[in-house]
Amino acid sequence: MFRSIFCLIAIACALPATGIAQPQSFQSPSIVILGDSQIPFGSGPVFLDFFENIKTHCPPTPEQAANLEVLADMKVAVIGVRSTSLHSWTAKMGKAKGAICDVDPKWKVNAGTYGFINTTGNKYKQIGRGDAYQFCEMDRSAFQVMFRPDYYAPKLILLSFLGNSAKRWANSFDKAMEDVRRMNEQLPAGTPCIFMTTAPSYSKKITDLRLKAQANVKRAFAETGSQCSFVEGATPETVAANQGNRKYFRVNKSGRVKDPYHPNERAAKTFFMIAMDDICTAVYDQIGDAMPELAKR
């Protein structure tokens, strides 16, 4: 649950989210990162820094540097919507879609956003309000609306999800396959894509479930022949860094962890240092493979 500051700083708290509107002056970012509540709780600024300074974090070879020129403007958008997972973005109706499009009944905002699409100084937004967040239209999924021809046209997409689908994927490989197939159908063809599962939790019990879910969804990516590279967020190294480490999670006055699900920004920085080689490899693999198509845009 987002903190009470959300409602204090949100603009027009009482206004409902509207249907799809034609953005008046929208420019598409070149890199789009979509995720869940781990983004506003800690990883959002780290995602933004990593991709805005990718040449520093992922020193390129001469060939890779040439390929990165397609991202030269470095317009990075980072969006994290609470209580969402991959199937939220492909659903055309129901509770899954509502996690993106319904106004949060308590805080009136449901997302944290960073980078090119948000220069207001207020990271908290409600999807459906503002030119950059018009993802909701009847009988169409958020991906279908977002990636329509006159709207978002990124040259790299990174999706970061796991927690809100942990039971769904851990208990059913078929559900994991269903979600990945729908994603494959709805992402823009030929666009470089990375799917990275989110960082491990404080709790071993939570992480064990997520490891099972991660194994199923990783297999689904492989068996569907997805265009996306798959990066494991939960590895022995990242689990060792986060599990049982109180300084990486919010605590109450007594020092007890009160939120085992959302690593803080300090944890996110460590996570990226550990996962950096895998992320860099995925970026360069995806950009390199798509160069003939990207060069035409």
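Residues numbered from 1 in each chain as written. Predicted model: local features only at pLDDT ≥ 70, side-chain atom pairs only at ≥ 80, totals over all residues. Heavy atoms only, no water.

## A word on unusual backbone geometry
Spelled out, the test is: Only DSSP runs of H or I reaching four residues or more are called helices, and only runs of E reaching two or more are called strands; each is numbered from the N terminus.
Here Ser83, not a glycine, exhibits a phi torsion of approximately 60°, which is positive. On the secondary structure map, Ser83 appears in the loop between β2 (76–81) and α5 (86–90). The residue Lys108 is not glycine, and still its phi comes out positive at about 70°. For Lys108, the position within the fold is in the loop between α6 (94–101) and β3 (111–115).

## Some thoughts on the pattern of salt bridges
Let me state the cut-off plainly: The term salt bridge refers to a pairing of a side-chain nitrogen on Lys or Arg with a carboxyl oxygen on Asp or Glu at a separation within 4 Å.
All chains considered together, the criterion is met by twelve salt bridges. A salt bridge links Asp150 to Arg148; its shortest N-O distance comes to 2.9 Å. Between Arg219 and Glu223 there is a salt bridge, with the nearest N and O atoms lying 2.8 Å from each other. With Arg219 and Glu223 both in helix α10 (residues 204–224), this residue pair falls four residues apart, about one helical turn. Taken together, the shared-partner salt bridges in this structure form one network comprising Arg168, Lys175, Glu178, Asp179 and Arg182.

## Concerning the layout of surface pockets
What counts, and what does not: Throughout, the protein atoms alone are placed on a 1 Å grid, and a set of points is a cavity if a 1.4 Å probe fits but cannot get out or a pocket if it is open with protein on both sides within 12 Å along at least five of seven lines; lining residues have an atom within 4 Å of a point. Grid points are joined across faces, edges and corners, and a volume is the space filled by probe spheres set on the points.
Estimated volume of the largest pocket: approximately 360 Å³. What lines the largest pocket is a set of 20 residues, among which Gly163, Asn164, Arg210, Tyr261 and His262 lie closest to the centre. The set of elements that each furnish at least two residues to the lining of the largest pocket consists of α2 (38–52), α8 (166–171) and α10. Of the voids in this model, the second largest pocket is the one considered here, and its volume is about 250 Å³. Around the second largest pocket, the lining is made up of 15 residues, and of these Arg82, Ser83, Lys95, Gly98 and Ala99 lie nearest the centre. When contributions to the lining of the second largest pocket are tallied by element, the ones reaching two or more residues are α5 and α6. When residues of the lining of the second largest pocket are assigned to their parent elements, the largest contribution, four residues, is made by α6.

## Brief notes about empty space enclosed by the protein
Tallied over the entire structure, the rule returns one cavity of 30 Å³ or more. Estimated volume of the largest cavity: approximately 120 Å³. Along the walls of the largest cavity sit 15 residues, with Gln38, Ser43, Ala199, Ala268 and Phe271 positioned nearest its centre. For the lining of the largest cavity, the elements supplying multiple residues, two or more each, are α2 and α12 (265–294).

## Looking at the side chain of Ser43
Filter applied, for reference: Only heavy atoms matter for contacts: two residues are in contact if any of them lie within 4.5 Å across the pair.
Examined against the element boundaries, Ser43 turns out to sit in helix α2. Discounting chain neighbours no more than four positions away, the residues touching Ser43 are Gln38 and Ala268.

## Structural notes on α10
Rules: Given the number of residues in a helix, its expected span is that number minus one, multiplied by 1.5 Å. A simple rule labels every residue: compare its accessible area, found with a 1.4 Å probe on the protein chains alone, to the largest value its type can have, and call it buried under 20%, exposed over 50%, or partly exposed in between. Each polar contact in these results corresponds to two N or O atoms within 3.5 Å; when the atoms are within protein, one needs to be able to donate a hydrogen and the other to accept it, and residues that are neighboring in sequence are counted only if both atoms are side-chain atoms.
Taking 1.5 Å as the rise per residue, α10 with 21 residues should run 30 Å; its terminal C-alpha atoms sit 30 Å apart, in good agreement. Along α10, the residues that are buried comprise Ile206, Thr207, Arg210, Ala213, Gln214, Asn216, Val217, Ala220 and Phe221. Those residues of α10 that are buried are in contact with α2, α8, α9 (173–186), β6 (193–196), β7 (229–231) and α11 (236–242). Its side-chain oxygen at 3.2 Å from the backbone nitrogen of Lys205, Ser203 defines the N-terminal cap of α10. Residue Gly225 follows α10 closely and has a positive phi angle near 65°.

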